Amino acid sequence: MVWGVGVAVIEAVGLRKEFRNSVVAIDNLDFSIPSGGVYGFLGPNGSGKTTTIRCMLGLIKPSAGSVRLLGEDSSKSLRSVIHRVGALVETPKFFPTFGGRKNLRMFAQVAGLPNSEVDRVLEIVGLGERGGDSFGSYSLGMKQRLAIAATLLKDPEVIILDEPANGLDPAGIVEIRQLIRQLGESGKTIFVSSHQLGEVQQTCDHVMIISKGRLIQSGSVEELVALGQGDSQIITIDRPHEAADILNAQGYQATVIDAATVTVAVDGSKAQAINETLAANQLFLRGLRAQESSLESVFLELTEGEGSL
Amino acid sequence: MRLFRAELTRFWTRRMTWIVLGVTALIMVFVVGISFTRTSSEAPPEGAVPWTVDEGCLEDFSSGEIQLETGSSGEFTDEDIELFCRTWTGDPDKRFWAVSMLGEKSWFQETESGFGPSEGRPAFDTWSDYIEFRESQPVETMTIDGVEYQGSQEPLLGFLSGPGVFYLILAVILGGSFVGAEFRAGTMENLLLWEPRRVRVILTKFAVGFVSSALMVALALGFLTGLLSLLASVNGTFQAVDGRFWRDLVLVILRVSVTAGLFSILAMSVATITRHTAAAIAAVLGWFAVSNILIELVAKWFRPFELFVNALAFFGKGEPFSYVPTGRGWDFTAFHHGYLVAGLYVLAWTLIPAAIATVVFAKRDLT
Ligand SMILES: Nc1ncnc2c1ncn2[C@@H]1O[C@H](COP(=O)(O)OP(=O)(O)OP(=O)(O)O)[C@@H](O)[C@H]1O
Ligand SMILES: [Mg+2]
């Protein structure tokens, strides 16, 4: 599946990873990510997101197929492009007894970057004042912020983030969302795996959904949301079966959910008509609310029964 | 080079490094403090062997009151009996500086148990005299089944053969934890996002561990030398200390440091393979604990090839021996190789695991 045109920043061809315990974490994955924009990478727990990211970064060797990062084969020749790539894989990993600043300075030293860069990225993630404290003493969210700072240190063109919002407070989530958007708009390519579908819907331009190591859907956020069953109205009522029969007789698509709930697959403009129809039959609503199709509902539909755990 | 510097910085700013250095310094101060009470600035007995033969003891022998079990080497000569009956007349609690420093008695040679193959030896005025005497001693030979075997020398510089293991242990702890901590914190994964050439990464770590551990042990030994010099100037004597002494001392420190660096590479290799600090330290120290027993019980032939045997021989200028059965119920301890070759054995013991670790690290999935 190819999004847009131009040179692919990340490209997987027939990517497969089978671990030694014969778990097939990714299976024949093909995708291609063009330059610029924010790409969401979704999938249930254990679906192979982190494994895919590790393959991209050359941390694990694919069992078959290959993945190229900025045109270089990840398992062979990353060296020439690694300075253009920043990544956070799974969880923040730093030396616990060293301060946040010192941890980053070590990497800056390896890459030959000045220490002022370290201070710059610490400011961005709001750790400027706590940079001297040991990493081990950081809260979960602070650790995550440090890891994000580390990915920004090289001022990379490509940023790969594996669940960056993990452990962040609401304000932190908003900050990261803005940061990701801003980076995406400035022409960088952001590849972000996430569980927080609301976030993905707000931050990403394109989305790729995998399940059990296979690509099951990809496209722009709008395309994916449109794949959903559309909006529906959720009715709370005392005699749901009667209500459903009446509505179906009128040409609606009504489904009984439980002893007090019926859903009707229509948008909000029909709410009044539904109410009138039922009232005419001596059935009175106790409540009615709209449910909009969203990335979340689409995701749940697509991955339904696919939980790979 | 940037990676080297970054790793070097990490080594020397790690808490573990300073804990180890601090503990080492404390132990040294303590040991030297104790030595203080056991040293004296008195001059050694003038040109004499501080032994007398106890007449009562000789009489007990002739009257049959004391009997020695006949050894496999046959009857005891009068000389043997005289050796047995010698009494130490020096003050046993007084040691002189060069003595505590190099662990050998630079003025007089004490036989281990007062009875044995050694003869009463002349007193030595200087360290050089002592070394020359040791080196001029004829080499023991023995013909077994028509083959003439040479006996092996004990370490010439007994100084570090005991405490030397202590420095090796330090190096193992430093090296093992240097790499082990990386796997524990998961930072190896991070590092590879900055330098993906894995062979380069691991070799740089080996180099940093080697240089740093060696430097650290050299520092520790320098510190000890300083402490002992202080001790000697306050409560001891430099009388027997000459140029040769200082040269030997520097060479010993060099050899111990290099060996420590190699041991640190060994520990780093095991830590890379096991991905665990404790496993690495336990493996090397565990081997130290059981190797002697294993050799004695099941693989005597292995002795001259063993790691610690060679390490101790290398820095003590000793000669690892092999056991040659004499057919008389005991083994002759025959010369196998010299101390420089022993150093090469240590090198091999280090480089082989290091090569395996490099290959494993280059190929392994990091998850
Ligand atoms: N080192 C490993 N050895 C064996 N199996 C592994 C290993 N790493 C991952 N797996 C398996 O591969 C599958 C995919 O794991 P992965 O971590 O890629 O999932 P994920 O999509 O990132 O999940 P999550 O959302 O929970 O982070 C899982 O079944 C997991 O158990
Ligand atoms: Mg994951």
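In this text, all values refer to a predicted model and were calculated from it rather than measured experimentally.

Enquirer: Explanation requested: the sheet that holds strand 5 (residues 72-73) of chain A in the structure shown.
Expert: Residues and elements named next belong to chain A. Ordered in space as 2-1-4-5, the four strands form an open sheet in which the pairing is antiparallel. Where the open sheet ends on each side, the last strands, each with one partner, are strand 2 (24-34) and strand 5. Sheet contacts for helix 1 (residues 49-56): strand 1 (8-18), strand 2 and strand 4 (64-69); angle to strand 2, the most-contacted strand, approximately 60 degrees.

Enquirer: For this particular structure, what's the right way to read the confidence of the model for chain A?
Expert: Close reading of the predicted structure is inappropriate where its pLDDT is low. In the predicted model, chain A carries a mean pLDDT of 88, and the fraction of residues at 70 or more is 96%. Long-range and interchain partners of residues 1-5 of chain A, a stretch whose pLDDT sits below 50, account for 16 contacts in this model, where long-range means more than four residues apart.

Enquirer: Would you mind going over the pattern of salt bridges with me for this structure?
Expert: Two side chains carrying opposite charge are able to pair once their charged atoms lie near each other. Residues and elements named next belong to chain A. Here the structure, examined in full by the defined rule, presents 27 salt bridges over all chains. Across the salt bridge formed by Glu199 and Arg177, the nearest N and O atoms sit 2.9 Å from each other. A residue pair is termed long-range when its members are at least 10 positions apart, and Glu199 in helix 6 (residues 197-203) and Arg177 in helix 5 (residues 170-185) qualify at 22 residues. The burial state of Glu199 is the same as that of Arg177; both residues are buried. Linking Arg181 and Asp205 is a salt bridge whose minimum nitrogen-to-oxygen distance equals 3.3 Å. Of this pair, Arg181 sits in helix 5 while Asp205 sits in the loop between helix 6 and strand 9 (206-211), and the two are 24 residues apart along the sequence. Judged by relative accessible area, which is 27%, Asp205 ranks as partly exposed. Three or more residues joined by partner-sharing salt bridges are found here, namely Arg16, Glu18, Asp27 and Arg214.

Enquirer: Sorry if this is basic, but what is going on with the interface of chain B and chain A here?
Expert: Interface size, as often reported, equals the accessible area lost upon joining of the parts. Counting residues at the interface gives 28 residues for chain B, matched by 30 residues for chain A. In total, about 2600 Å² of surface goes out of reach between chain B and chain A, with carbon and sulfur atoms giving 65% of it. In this structure, Lys93(A) and Glu189(B) form a salt bridge, with 2.7 Å as the shortest nitrogen-oxygen distance. Here chain B is connected to chain A by twelve residue pairs in polar contact (both at pLDDT 80 or more). Those elements giving two or more residues to the side of chain B that touches chain A turn out to be helix 1 (2-13), helix 7 (163-185) and helix 8 (187-192) of chain B. Considering each element in turn, the side of chain B that touches chain A owes the most residues, seven residues, to helix 1 of chain B. Of the residues that constitute the side of chain B that touches chain A, the class distribution is ten nonpolar, six polar and twelve charged.

Enquirer: I would appreciate a short explanation of the nonpolar core in the present structure.
Expert: What tends to happen in soluble globular proteins is that the nonpolar side chains get buried as a cluster. Counting 139 residues, the largest nonpolar core has Ile10(A), Leu57(A), Leu104(A), Ile160(A), Phe191(A) and Phe263(B) as its most contacted members. When residues no more than four places from it in sequence are discounted, the contact partners of Ile160(A) are Ile10(A), Ile53(A), Met56(A), Leu57(A), Leu69(A), Val85(A), Gly86(A), Ala87(A), Leu88(A) and Phe191(A). In terms of nonpolar packing, the next biggest core, distinct from the first, is built from 14 residues, Ala243(A), Tyr252(A), Ala254(A) and Val266(A) among them.

Enquirer: Please clarify how the site of ligand 1 should be interpreted in this entry.
Expert: If you check the shell around ligand 1, you find 15 residues, and the closest are Asn45(A), Gly46(A), Lys49(A), Thr50(A) and Thr51(A). Proximal residues around ligand 1 fall on chains A and B, making this an inter-chain site. One nitrogen or oxygen atom from the side chain of Lys49(A) is found 2.7 Å from an oxygen atom belonging to ligand 1. For ligand 1, an oxygen atom lies 2.9 Å from a polar atom in the side chain of His195(A). Protein chains bury 70% of the 640 Å² of accessible surface belonging to ligand 1 in isolation. At three residues, the largest contribution of residues to the shell around ligand 1 is made by helix 1 of chain A.

Enquirer: Would you take a moment to explain a negative patch on the surface for this structure?
Expert: Residues and elements named next belong to chain B. Taken together, the side chains of Asp54, Glu55, Glu59, Asp78, Glu79 and Glu82 define an acidic patch exposed on the protein surface. Looking at the negative patch, the elements that each hand over two or more residues are helix 3 (55-62) and helix 4 (78-84). Among the elements that take part in the negative patch, helix 4 stands out by supplying three residues, more than any other. Following the sequence through the fold, Glu82 ends up in helix 4.

Enquirer: What should I look at first to understand a positive patch on the surface in this one?
Expert: Judged by side-chain charge, Arg79(A), Arg2(B), Arg5(B) and Arg200(B) come together as a positively charged surface patch. Along the polypeptide, Arg2(B) turns up in helix 1.

Enquirer: Quick question: what am I supposed to make of unusual backbone geometry here?
Expert: Most peptide bonds are trans, and most residues other than glycine sit at a negative phi. Residues and elements named next belong to chain A. Although it is not a glycine, Asn28 adopts a positive phi angle of roughly 50 degrees. Following the sequence through the fold, Asn28 ends up in strand 2. Positioned with a positive phi, Gln282 is a non-glycine residue whose angle comes to about 60 degrees. Following the sequence through the fold, Gln282 ends up in the loop between helix 9 (271-280) and strand 14 (287-291). You can call Gln282 exposed: its relative accessible area is 53%.

Enquirer: What is the right way to look at the packing of aromatic side chains in this model?
Expert: Within a pair of aromatic rings, the relevant descriptors are the distance that separates the centres and the angle that separates the planes. Scanning the model with the defined rule gives 23 aromatic pairs over all chains in all. Considering the side-chain rings of Phe95(A) and Phe98(A), the 5.7 Å spacing of their centres and the 55 degrees angle between planes classify their relative orientation as tilted. Here Phe95(A) matches Phe98(A) in class, with each residue buried. Here the aromatic rings of Phe107(A) and Trp194(B) are separated by 5.3 Å at their centres, their planes lie at 15 degrees, and the arrangement is stacked. Of this pair, Phe107(A) sits in helix 2 (residues 100-111) while Trp194(B) sits in the loop between helix 8 and helix 9 (198-235), which puts the two residues in different chains. Taken together, Trp287(B), Trp301(B), Phe302(B), Phe305(B), Tyr345(B) and Trp349(B) form an aromatic cluster joined through their ring pairs. Its guanidinium or amino end placed over the ring of Phe98(A), Lys102(A) lies 3.5 Å from that ring's centre, counting from NZ or CZ. Taking NZ or CZ as reference, Lys154(A) lies 4.5 Å from the ring centre of Trp194(B), over its face.

Enquirer: Explain helix 7 of chain B here, please?
Expert: Counting along an α-helix, one turn takes 3.6 residues, and residues three or four places apart therefore face a common direction. All names here are of chain B. An ideal rise of 1.5 Å per residue puts 33 Å on 23 residues; helix 7 measures up with 33 Å between its terminal C-alpha atoms. Of all the bends in helix 7, the largest measures some 25 degrees and sits at Ser177. One or two positions beyond helix 7, positive phi appears at Gly186, with a value near 80 degrees.

Enquirer: Even after reading the chapter, I still don't get the sheet that holds strand 13 (residues 261-264) of chain A, so can you show me in this structure?
Expert: One key point about sheets: their strands pair by backbone hydrogen bonds, in either a parallel or an antiparallel sense. Residues and elements named next belong to chain A. Read from one edge to the other, the open sheet built from four strands follows the order 12-13-11-14, with strand pairing classed as antiparallel. Two strands bound the open sheet, and with one partner strand each, they are strand 12 (254-258) and strand 14. Adjacent strand axes in the sheet meet at a mean angle of 25 degrees, parallel and antiparallel pairs treated alike. Bridging between strand 11 (residues 232-236) and strand 14 involves five bridges; their strand directions are antiparallel. Bridge pairing in strand 14 links Ile234 to Arg289. Together, strand 11, strand 12 and strand 13 form the strand contacts of helix 8 (residues 240-249), whose direction differs from that of strand 12 by roughly 170 degrees.

Enquirer: Quick question: what am I supposed to make of a nonpolar patch on the surface here?
Expert: A cluster of nonpolar residues, Ile19(B), Val23(B), Ile27(B), Phe30(B), Val31(B) and Ile34(B), forms a patch on the protein surface that exposes about 530 Å² of accessible area. For Ile19(B), a relative accessible area of 45% gives the class partly exposed.

Enquirer: Explain empty space enclosed by the protein to me, please; I cannot follow it from the model alone.
Expert: Empty space left among the atoms is revealed by rolling a probe the size of a water molecule over them. Residue and element names in this part refer to chain A. Scanning the entire structure with this criterion turns up five cavities of 30 Å³ or more. Together, Pro164, Ala165, Ile173, Ile176, Arg177, Ile180, Val192, Ser194, Gln196, Glu199, Val200 and Thr203 line the largest cavity. For the lining of the largest cavity, the elements supplying multiple residues, two or more each, are helix 5, strand 8 (189-194) and helix 6. With four residues, helix 5 is the largest single contributor of residues to the lining of the largest cavity. A class-by-class count of the residues in the lining of the largest cavity yields seven nonpolar, three polar and two charged.

About the thresholds
- Residues numbered from 1 in each chain as written.
- Chains lettered and ligands numbered in written order.
- Predicted model: local features only at pLDDT ≥ 70, side-chain atom pairs only at ≥ 80, totals over all residues.
- Heavy atoms only, no water.
- Pairing = 2+ DSSP bridges.
- Helix = DSSP H or I, 4+ residues; strand = E, 2+ residues; numbered from the N terminus.
- Contact = heavy atoms within 4.5 Å.
- Axes fitted to C-alpha atoms, helices over the stretch in contact; angles between N-to-C directions.
- pLDDT = per-residue confidence, 0-100.
- Salt bridge = Lys/Arg side-chain N within 4 Å of Asp/Glu carboxyl O.
- Buried < 20%, exposed > 50% of the residue type's maximum accessible area, 1.4 Å probe, protein only.
- Buried area = accessible area lost by both parts, 1.4 Å probe.
- Polar contact = N/O pair within 3.5 Å; in protein donor to acceptor, adjacent residues only side chain to side chain.
- Nonpolar A, V, L, I, M, F, W, Y, C, P; charged D, E, K, R; others polar.
- Core = buried A, V, L, I, M, F, W, Y, C linked by side-chain atoms within 4.5 Å.
- Near = heavy atom within 4 Å.
- Areas by Shrake-Rupley, 256 points an atom, 1.4 Å probe, with all protein chains shown as cover.
- Patch = residues over 30% accessible without salt bridge, like charges linked within 9 Å, V, L, I, M, F, W, Y side chains within 5 Å.
- Lys, Arg positive; Asp, Glu negative; His and termini not counted.
- Charge placed at Lys NZ, Arg CZ, Asp CG, Glu CD.
- Phe/Tyr/Trp six-rings, centres within 6.5 Å; stacked < 30°, edge-to-face > 60°.
- Lys NZ or Arg CZ within 6 Å of the ring centre and 35° of its normal.
- Expected span 1.5 Å × (residues − 1).
- Bend = angle between axes of the 7 residues up to and from the residue.
- 1 Å grid on protein atoms, 1.4 Å probe; cavity = no way out; pocket = protein on both sides within 12 Å on 5 of 7 lines; lining within 4 Å.
- Points joined across faces, edges and corners; volume = space filled by probe spheres on them.

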